[in-house]
Amino acid sequence: GTDIPRGPMKRIIPLLLVGLAACGHWKVSSYNSSRLCTLENGTEPGKVPLKFGDDGIFDLTFGVRVFGGRIYVTDNALRRLQVLERDGSPELVIGPKGAQAKGGDVKTASFNFSILGLLAADSDRNIYVQNRLTAGEGRNFSDDLDFSPSYVLLFDRNGTLQYTLGKQGLPNIPFDFIEHMEVDRADRLFVVSRKFNTWNVSRFQERKLTFSSNFSNADFAEKSDGGAFEGRIDCVKVFREGENLLLSVAYYQGLRFKYRKIYNYSVREGKIIRAIVNLPDPKNELFAIMDDSRLYLWNIEERRTRFVVTNFDGNIIDNVLLKFDDKRYYFQDLMVDEGGSFYSYRVNRNSVDILEWK
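The model shown is predicted, which means the values in this text are computed figures rather than measured ones.

A. Structural context of the pattern of salt bridges. Taken as a whole, this structure holds 21 salt bridges when the rule is applied. Arg185 is the partner of Asp292 in a salt bridge, and the nearest nitrogen-oxygen pair spans 3.3 Å. One end of the pair, Asp292, is in the loop between β23 (285-290) and β24 (294-298); the other, Arg185, is in the loop between β14 (177-183) and β15 (189-195), with 107 residues separating them in the sequence. For Arg185, a relative accessible area of 51% gives the class exposed. A salt bridge links Glu243 to Arg268; the nearest nitrogen and oxygen atoms lie 3.9 Å apart. One end of the pair, Glu243, is in the loop between β19 (227-238) and β20 (244-253); the other, Arg268, is in the loop between β21 (256-266) and β22 (271-279), and 25 residues separate them in sequence. Look at Arg268 and you get exposed, because its relative accessible area is 68%. By sharing partners, the salt bridges in this structure join Asp184, Arg188, Arg203, Glu243 and Arg268 into a single network.

This is how it looks when you write it as structure tokens:
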């Protein structure tokens, strides 16, 4: 296939070679993809403008998520948000006034976004959108080094802005860099943000802040006969029931990676309950919690995507292989929806394919 241009926006879907001791069996569950829809290159509703530099390198200016069987597309080239049906038919477009095409059954709503970032949706199809504030033009939400502050906007299913959330609920203090947003089964919004070496997890019931906790890297320092180890938080995941978190912490001795621990933190008790699993290989990373009972661990190298699935005792209970084709694309990304189903999207020269995995 066509080789991917080398550049900062190239992402390779990974292979997992895990160093865990297996207490379970080594069966492999293979998933194959089916294409839900293809979004053509363009500016009309249901399309996505694809940006390539003069050197041919692809510039990622949009994001894709799937919630409740609908496809959500944030587009920073046109400063708009689209909600699409599974077949790619546009249902709602929120963006600058006069920018949306009229006619048909597409709902339109006017809003002037700054920089669209992360996105989540609840069971009532309310849409939570990160709106990033930045003084520089031309920067988009895919820039991992952009630590500009942001707010979270809540739109209803018709695209009407309901309210704006800040760090304490009221829109008076912006969030720090937002790593992740998720909605639990009770439709409470979790915002995982960080600043320097401190991570913050906030839970909101509508506009009210109902939980907030700070986690500092210094809190996870460990000492043993082998010396002192610095703990660095690299990932925080939220349980669907909304009462527990998983904290993934990588431990270093100087600049050398030694091991990773995944901790179970109780929101109700306000403390870490226990360490669930030890991961001696730096490539083993926490990807998702499934059914609030299984960890999906992956590797950030190679092209094949293989997950090791463990229970909360650290025992391997399954391996999941996603059979991606060998063709190289300009960009690929993998995600899970609120029910634990896998989706991905891939960028071709003139279109974007949305895939479902089973």
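B. Quick look at the packing of aromatic side chains. Taken as a whole, this structure holds 26 aromatic pairs when the rule is applied. Arranged with centres 5.9 Å apart and planes meeting at 75 degrees, the rings of Tyr31 and Phe342 form a pair that is edge-to-face. Residue Tyr31 is located in strand β1 (residues 28-31), and its partner Phe342 is located in strand β28 (residues 342-347); the two are separated by 311 residues in the primary sequence. Phe342 sits in the buried class, given a relative accessible area of 1%. Look at Trp298 and Phe307: their rings are 5.6 Å apart centre to centre, the planes differ by 5 degrees, and that puts the pair in the stacked class. Its relative accessible area of 0% is what places Phe307 among the buried residues. Within the aromatic cluster, the residues linked to one another by ring pairs are Tyr31, Phe287, Tyr296, Trp298, Phe307 and Phe342. Residue placement shows Arg232 over the ring face of Tyr252; its charged tip is 4.1 Å from the ring centre. Cation over ring: Arg349 sits above Phe52, and NZ or CZ is 3.9 Å from the ring centre.

Calculation rules
- Residues numbered from 1 in each chain as written.
- Predicted model: local features only at pLDDT ≥ 70, side-chain atom pairs only at ≥ 80, totals over all residues.
- Heavy atoms only, no water.
- Salt bridge = Lys/Arg side-chain N within 4 Å of Asp/Glu carboxyl O.
- Helix = DSSP H or I, 4+ residues; strand = E, 2+ residues; numbered from the N terminus.
- Buried < 20%, exposed > 50% of the residue type's maximum accessible area, 1.4 Å probe, protein only.
- Phe/Tyr/Trp six-rings, centres within 6.5 Å; stacked < 30°, edge-to-face > 60°.
- Lys NZ or Arg CZ within 6 Å of the ring centre and 35° of its normal.

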